[in-house]
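Spelled out from the first residue to the last, the chains are:
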Amino acid sequence: MTVALRLVLLAAAMAVGTAAFGWVAVPVIAAAWGLIARLQRGTALAAGLAGMLAWAALLALDAARGPLEPLAQSLGSLFSVKTIAVYAVTLALPGLLAVTAALLARSVATQRS
């Protein structure tokens, strides 16, 4: 299986998991990926990128259904940041969650072996 296909499937799993169970699905799926692919290089990076792609797709779906910009502007003014920072943090959160969960699971699995 190619790297791109694995990345797309992992992102799809995270998007579906997020839609069904909320944000907690991202680190759970990333930890499972970290265990499954612990012998491969770049598993944590792939998990982080997949988390960002998944939430970008969910954000795009929400934007297609209705205006997302007023919400981002309101949040930006609430925290005294630009609107783009709201989007950046929204995409950074699943990436960081996924990277840390995959690294933690991989580390625990390699210490037990």
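Conventions used here
- Residues numbered from 1 in each chain as written.
- Predicted model: local features only at pLDDT ≥ 70, side-chain atom pairs only at ≥ 80, totals over all residues.
- Heavy atoms only, no water.
- Helix = DSSP H or I, 4+ residues; strand = E, 2+ residues; numbered from the N terminus.
- Buried < 20%, exposed > 50% of the residue type's maximum accessible area, 1.4 Å probe, protein only.
- Contact = heavy atoms within 4.5 Å.
- Areas by Shrake-Rupley, 256 points an atom, 1.4 Å probe, with all protein chains shown as cover.
- Patch = residues over 30% accessible without salt bridge, like charges linked within 9 Å, V, L, I, M, F, W, Y side chains within 5 Å.
- Salt bridge = Lys/Arg side-chain N within 4 Å of Asp/Glu carboxyl O.
- Axes fitted to C-alpha atoms, helices over the stretch in contact; angles between N-to-C directions.
- Parallel < 35°, antiparallel > 145°, perpendicular 65-115°, else oblique.
- Left-handed = near helix turned anticlockwise from the far one by under 90°.

Caption draft 1: Representation of the overall build of the protein chain. In terms of regular secondary structure, the protein chain is built from five helices and zero strands. Start at the N end of the protein chain and walk to the C end: the helices and strands fall as α-α-α-α-α. Principal-axis analysis of the C-alpha atoms gives the protein chain an extent of 50 × 25 × 25 Å. In the protein chain, which comprises 113 residues, the proportion classed as buried is 32%. Summarising the internal contacts of the protein chain: among those between residues at least 6 apart in sequence, 70% fall at separations of at least 24. Here the protein chain displays about 7,100 Å² of accessible surface, and carbon together with sulfur accounts for 73% of that area.

Caption draft 2: Broad picture of a nonpolar patch on the surface. Residues L71, L75, L78, F79 and V81 make up a contiguous nonpolar surface patch of about 490 Å² in total accessible area. Residue placement: L75 occurs in helix 4 (residues 69-78). A residue is classified by how much of its surface remains accessible, and L75, at 32% relative accessible area, is partly exposed.

Caption draft 3: Layout of unusual backbone geometry. In this structure, S80 is a non-glycine residue whose phi angle is positive, near 60°. Within the secondary structure layout, S80 lies in the loop between helix 4 and helix 5 (83-112). Residue class for S80 comes out exposed when judged on its relative accessible area of 67%.

Caption draft 4: Inspection of the pattern of salt bridges at higher detail. Tallied over the entire structure, the rule returns one salt bridge. Notably, a salt bridge pairs D62 with R65, separated by 3.6 Å at the nearest N-O pair. Linking D62 with R65, this pair stays in helix 3 (residues 43-65), spanning three residues, or about one helical turn.

Caption draft 5: Layout of the packing of helix 2 (residues 25-36) against helix 3. Two elements in contact, helix 2 and helix 3, have axes whose closest approach is 10 Å; the angle formed by their N-to-C orientations is 150°. With respect to each other, helix 2 and helix 3 are oriented roughly antiparallel. Seen from above, helix 2 lies across helix 3 with right-handed handedness. Across the interface between the two elements, V26, A30 and W33 from helix 2 touch T43, A46, A47 and W55 from helix 3.

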